[in-house]
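Tertiary structure, described
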Amino acid sequence: MAETMILVPGRSQSQGTSLNEGKLEDEYKRVTSTAELNEKDMQRLKLKDGDKIKLKSDVGQTVVTCKGKKHEDLPLGMIFIPYGPPSSELMASDTAGTGMPLSKHMEVKVTKVK
Amino acid sequence: MSSELKIVNGRVYDPANNIDGKIQDIFIRDGKIVDSVSSSATKIDAHGMVVMPGAVDIHCHIAGAKVNLARKLQPEDHRLDVHPKTAHTRSGTGGVVPSTFATGYRYATMGYTTAMEAAVPPITARHTLEELDDTPVIDKGFYVLLGNNAFLLKLLKEGRKKEFKEAIAWWIDSVHAYTLKLVNVGADELWKGRKNANITNVNDNIDHYNITPTHVIESFIEAAHELGLPHPPHVHCNNLGHSGNISTTLDTMKAAQGRRVHMAHIQFHSFGGEVNKDAVSGVRSIIDYVNENENITTDVGQVMFGKATAMTADAPLAWMLRNVKMNKWINADTECESGCGIIPFTYQDHIYTHALQWAMGLELFLHSKDPWRVLLSTDHPNGGSFMSYPTLIKLLMDSAYRKEALSYVNQKAIDQTSLRELDREYTLSEIAIITRAGPARALGLKNKGHLGVGADADITIYTEEDDKEAMFNAPRYVIKDGVTVIKNHEFATDHKGKLLHTKPGYNADISQEIEPFFEDYYSVKFNNYAISEDYLHDHEVIPTHPKA
Amino acid sequence: MTKEATQTDAQVKNKKPVSKKVDPYEGKNIKIVKDATCTFCGCVCDDMELTVDVDEHRILKAKKACVLGRAWFYEHKVDTRPGVLIDGKEATFQEGVEAAAQILIDAKFPTTYGMSDSTCESQRVTVEIMDTINGNIDTTTSVCHGPSGMAFQGVGESTATLGEVKNRADLVIYWGGNPAESHPRHFTRYAVTPKGMYIPNGKKDRTVVLVDVRRTPSTPVADIFMQVKPGKDFEVLWALRALVKGKKIANDIEKQTGVSREVLDDLVDRMKNCQFGVLFFGMGLTMTRGRHFNSGALLSLAADLNEFTHFVAKPVRGHGNVTGADNVVSWQTGYPFGVNFNRGYPRFNPGEFTTTDVLSRGEADAAMIIASDPASNFPKAAIEHMKKIPIISLDTKDTVTSSIAKVRFAVSTYGINTGGTVYRMDDVPITLRPAFESTYPGDQEVLEAIRDRVKKLLSGKKARVAA
Amino acid sequence: MSATHLKLHTAPEVPLETEVINPTVFANLSQSGIENLNVMHGNDKCHLGDFFKVTGKGASEIHIEGDLSGVKLIGAGMSEGKISVEGDVGMHLGVGMSGGEIIVNGNAGDWVGPEMSGGRIIIKKNAGHMIGSAYRGQSTGITGGEIFIHGNAKNEVGSAMRRGLIVVGGNAGDFTGVNMLAGTIIVLGELGIRTGAGMKRGSIVSLQDAPMLPSFDYSCTYHPLFLRLYFSRLRANGFKRKIQDQHITGKYKRYSGDGIELNRGEVLLFAG
């Protein structure tokens, strides 16, 4: 049962520090494949910290680890993830005459990976 | 290995050496003019051609932060005027604010070999130097904006004239400027600090400082005089573009108290009439004052019809222009140092004010009694592109052409001027003065603007033609530092010009005064602010002559 | 060095003699670099004090650096990977240069991308290479604040250097950004807490507003947090513009945007009545639906507000020298990014000549990637195409991009190993003071070698001139 | 009527720029003269004949066949005659066109007809972004002419247009008619979001409801007579199926805007 949510990739401090260690290092890979969800969304989807979820967009899909955020910190229906290869996998290439792919506001279908 | 060149049979115009159209040979060795060369020297036969020193632009805006903002702002203007590369030269884009390469090459194709960027906030000087290094062929320098410098105003407020002079020298030396520039003195504080207000009277106190713009201007002129800079401050007066601003302009010139001062783009400061009413020409009172006072040099800042871009440290002025058409507008505040406004602009011949400004510029030229002190400029790109200089030269040299041009523009504007009665035609020698010998002399560049022995071998050779626009549009040869850069109208090689700057002496203790101010109010470290000399590429220090 | 710079150095030394107490670095060959510049993010803080172990080639301490800056300084140390790889095999520098030059001149649509973690000196050489071979050039700007650059071309910008914000801003608004995590010292060094000429009490004299779709670590700094429904920034900005102009807006604004009319009215009131306002904005605007129009709405709002007071806006730029890339490409070509030289002169068109597009559409037939990693953060279609064409990469660390490169150069790090100029996010140029020498060449050196080789190969009949 | 036929025989590897495909350029050229016209294949200067087989004669009509989706600038600066294409075309079709007609029996890329001042472009399938719009930095888009897209169009249809008519038979993307100065845009399908942002004057019409920006003001629901004229003309030009009688006789919600600008523009949404 897939639910449609909005994925907002962005920078985070740990993404920034880990990329200095190296983008091929484990820490960077871990940071950029950890997605934050509203804890109420997590409850509803029967997810707990550390569970794997599959994110699927029109162009691709990826599996990431999820992590709960307090209700007041992240709106319902939104997923935050630090930029990296997993978020690229979901990004469409049409830039609408701007050079900029829509990289911060993607509709994704979320399913729990058993 | 020494390189030698001789130009033979040309008709030479070298007003600084009293040569007025004499057929004479010019000899060049290793980039300098000499009195003879060996028989193996390369020869250019300039029969039927006019030989002049390379031209010198005393006031233009070609490099640095504001120019680059104006460039970025106008892709639509570049797209229509591409600048293809050649086998020898880099590509670029033109329009009214060309890319750096196009700027250098296009100045060269106008016969110009030196140009001075007229307004650089010191904190962005490094940027200007980088762009100037990418501006080929011509020699160049820049004037550093100090007229609204918060630290210097503070010193004046405290009455510390000695430290004020030292600090000016520190600033010029730290950024490798040529001289200083004052723009709408005192206005920055009101613009940034009092919700976009402006100074209206040069005898009113500046907020927070209890001193008047007149006092500030006078103090800068005095300090520059004592430092013995080769060129005095360039003053962009207050109230630019406002009707009735001649009283401000006259007050400013009087503040020089007989010391040397350069009045920038004076056309914009020559409006008669009443404040907030339709402007009329106030040129006569301004040019009469200039004619009578030999301490003053000025460039006209001619307006040419067509595309221009207002780019100025005078932010309130750009705001005023923005509110006319509500098109794209840039404001850029520089901490502790300057303001800036940019706005694309088109001068149209049917619009009263535009036609009036065009006519006022011509009036200034035609009423000038001393071509050595009333110099050619369009305040590029404020009044129009430097690419329009040949047309301007034709307007000055050909009264029939000028009278015809007069008939096409707003007649109400022409009625306000004396232009219809003026039959004067500039001679080739006078053109050589207002574009070469005059600017070089005013700048104190002893090796430029003339063809005497020892001068830099910066030379332009034109095919003599009746149509002076066509003639000045396309020199046959341009020689820079003895290198034939343009040969038969085509680039024969690339060339890098050099930076011209001054190094006024000062007491190093002044940096101890300046540093704490930096720590408090700047966002960059004092230690990273001054630009070290090894960062400069080819450069030449023009000597100062400090007064004892 | 200039006379006064030497002077100042001497003074600093006199004021603060080297401590003779317990020395944690005893036995080490230590060098202190004062007023060094951190080039990690667009803040380009130039007040670092670096403690360098000269023999070990590493930075032991970076005083004043933020958490990102410390990672930047500590993690760029001496490396043992090979300097040049061709098809994954070790090669000499000359072989690398030759292979790169051949790729570039054989291509019909070579493109280059990156350059934001590179000095202006290197950027100038890169543009020259592309001008020489009639290639295509784009920088990381196109996927950062490129849309803001396009908005700028449409409406202009009222802006200021960061020192003016420190000295004067009594209303500071952050929109669609999270500086606490992306630009940690933006608050403390430039815009929120510092005391300035007319802001004697620092943060107490300012009102800070944060606008975002979610709470972030930046939120606590704000006096007012305005939470916008995702994807509704444009509508909110447009409503603010209308209210500032005294025009009416739709009644259902809260339903549309998640922001109530009261909150909007209050913000409008504060914006119109402040003494000096500033709007900083991040990629929450440029990377979401609306892109350049979102930035344009914000820039227009700032311009509109100048009818009432002094107001400026500034994109919070990302990488250390992305602003320099904009400047260099602009002064050399007239356009800030997305520039094509195929015809022997620059042409500009975002969406046509920008990297995401020329890769995703499969147009580029070779690419030179300088100090960036599109193979890990570009859309999938672009990455797929990168795998099909010869890539030349220059990077300080191995990345996904360097791992698929045909020719890979390991280069030293700007600001740590090489000097030069970078531009801070507010266009202020700042010089670099390198800490220690790397065993790898700087990217400028590699690029100059490629340029010289390309010119040599193209001299004569292969020369590309304007068409 | 005589025509010159171009048939793509070699697919371009990188973008091909063919502004020479223009009836005025072809006039008075022999077949080999046409084959020898310069085109840019990336940075490589080539000839039209390297990619196209040229047959037929006469310049008033040019007929092109093949997948031209990587071919840019077809019909640039065209002022007379006709170009018809069997296949898809790339960017900048008919840029700066002042007269004549271009018909594409396929899809078109981004920037169809920028800087157009006259003539007509017809795209039978879908088109990309920036149809009939201004290039970046320009404050004025097309100043005349007609663009008919039978399928969908993407973002920024008619940005900054000053005069002329753009019709989209399917859906349009976001920011339709953004910064419009005047002129008419008719979208028979759905509009995206932020229609008419910053418009000064002009009309945007849609047969579907659409979200409006907060600065647009609902004024009334009425029957705009002028639409009859447009619709009967469009029906005669291939849009018959999409325009039903009720669209001609029905009422439309009128929003005026953009309130931030002059507020003299209108968006008309079919209300039944």
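Use the structure listed above.
What comes next concerns the included structure. (Residues numbered from 1 in each chain as written. Chains lettered and ligands numbered in written order. Predicted model: local features only at pLDDT ≥ 70, side-chain atom pairs only at ≥ 80, totals over all residues. Heavy atoms only, no water.)

Looking at the nonpolar core
Judged by nonpolar contacts, the single largest core of 184 residues is most densely connected at Ile168, Trp171, Trp358 and Leu396 of chain B together with Leu50 and Phe73 of chain C. At ten residues, helix α12 (residues 352-367) of chain B tops the list of elements feeding residues into this core. Leaving out residues up to four positions away in the same chain, Ile168 of chain B has contacts with Leu146, Leu152, Leu180, Phe220, Ala223 and Leu227 of chain B. Residues Leu299 of chain C together with Leu48, Met116 and Ala210 of chain D belong to the second largest nonpolar core, which totals 111 residues. (Core = buried A, V, L, I, M, F, W, Y, C linked by side-chain atoms within 4.5 Å. Buried < 20%, exposed > 50% of the residue type's maximum accessible area, 1.4 Å probe, protein only. Helix = DSSP H or I, 4+ residues; strand = E, 2+ residues; numbered from the N terminus. Contact = heavy atoms within 4.5 Å.)

A closer look at the sheet that holds strand β3 (residues 58-63) of chain C
Residues and elements named next belong to chain C. Strand order in the open sheet formed by three strands is β1-β2-β3, and the pairing between neighbours is antiparallel. The outermost strands of the open sheet, each flanked by one partner alone, are β1 (30-36) and β3. Taking each pair of neighbouring strands and ignoring which way they run, the sheet shows an average axis angle of 25 degrees. Pairing analysis gives five bridges linking β1 to strand β2 (residues 48-53), with the strands arranged antiparallel. Bridge pairing links Ala36 to Met48 in β2. Relative to the sheet, helix α2 (residues 67-75) contacts β2 and β3, its axis offset from that of β3 by approximately 160 degrees. (Pairing = 2+ DSSP bridges. Axes fitted to C-alpha atoms, helices over the stretch in contact; angles between N-to-C directions.)

Here we look at the interface of chain C and chain A
Between chain C and chain A, the residue contacts involve 50 residues of the former and 42 residues of the latter. Across the chain C/chain A interface, buried area totals approximately 3,700 Å², and carbon plus sulfur atoms make up 62% of it. On the chain C side of the interface with chain A, the three residues burying the most area are Arg214, Met287 and Arg291 of chain C, jointly 19% of the side's total. Seen at the junction of chain C and chain A, the total is three salt bridges. For Lys23 of chain A, the salt bridge is made with Asp373 of chain C, and the minimal N-O distance between the two is 3.4 Å. At the boundary of chain C with chain A, the tally comes to 14 residue pairs in polar contact (both at pLDDT 80 or more). Among the secondary structure elements, those contributing two or more residues to the side of chain C that touches chain A are α2, α5 (146-155), α7 (179-182), α12 (283-286), α13 (291-305), α15 (355-360), α16 (374-377) and α17 (380-386) of chain C. (Buried area = accessible area lost by both parts, 1.4 Å probe. Salt bridge = Lys/Arg side-chain N within 4 Å of Asp/Glu carboxyl O. Polar contact = N/O pair within 3.5 Å; in protein donor to acceptor, adjacent residues only side chain to side chain.)

Considering the side chain of Glu189 of chain B
Tracing the sequence through the fold places Glu189 of chain B in helix α7 (residues 187-193). When its relative accessible area of 6% is taken as the criterion, Glu189 of chain B is described as buried. Reaching out from Glu189 of chain B, the side chain makes a polar contact with the side chain of Arg168 of chain C at a distance of 2.8 Å. When near neighbours in sequence (up to four residues on either side) are disregarded, Glu189 of chain B contacts Arg194, Ile206, Asp207, His208 and Tyr209 of chain B together with Arg168 and Tyr198 of chain C.

Some points on the environment of Gly296 of chain C
All names here are of chain C. Position of Gly296 relative to the elements: it lies in helix α13. On the basis of relative accessibility, which here comes to 11%, the residue Gly296 falls in the buried class. Contact partners of Gly296, with chain neighbours within four places excluded, come to Ala151 and Val155.

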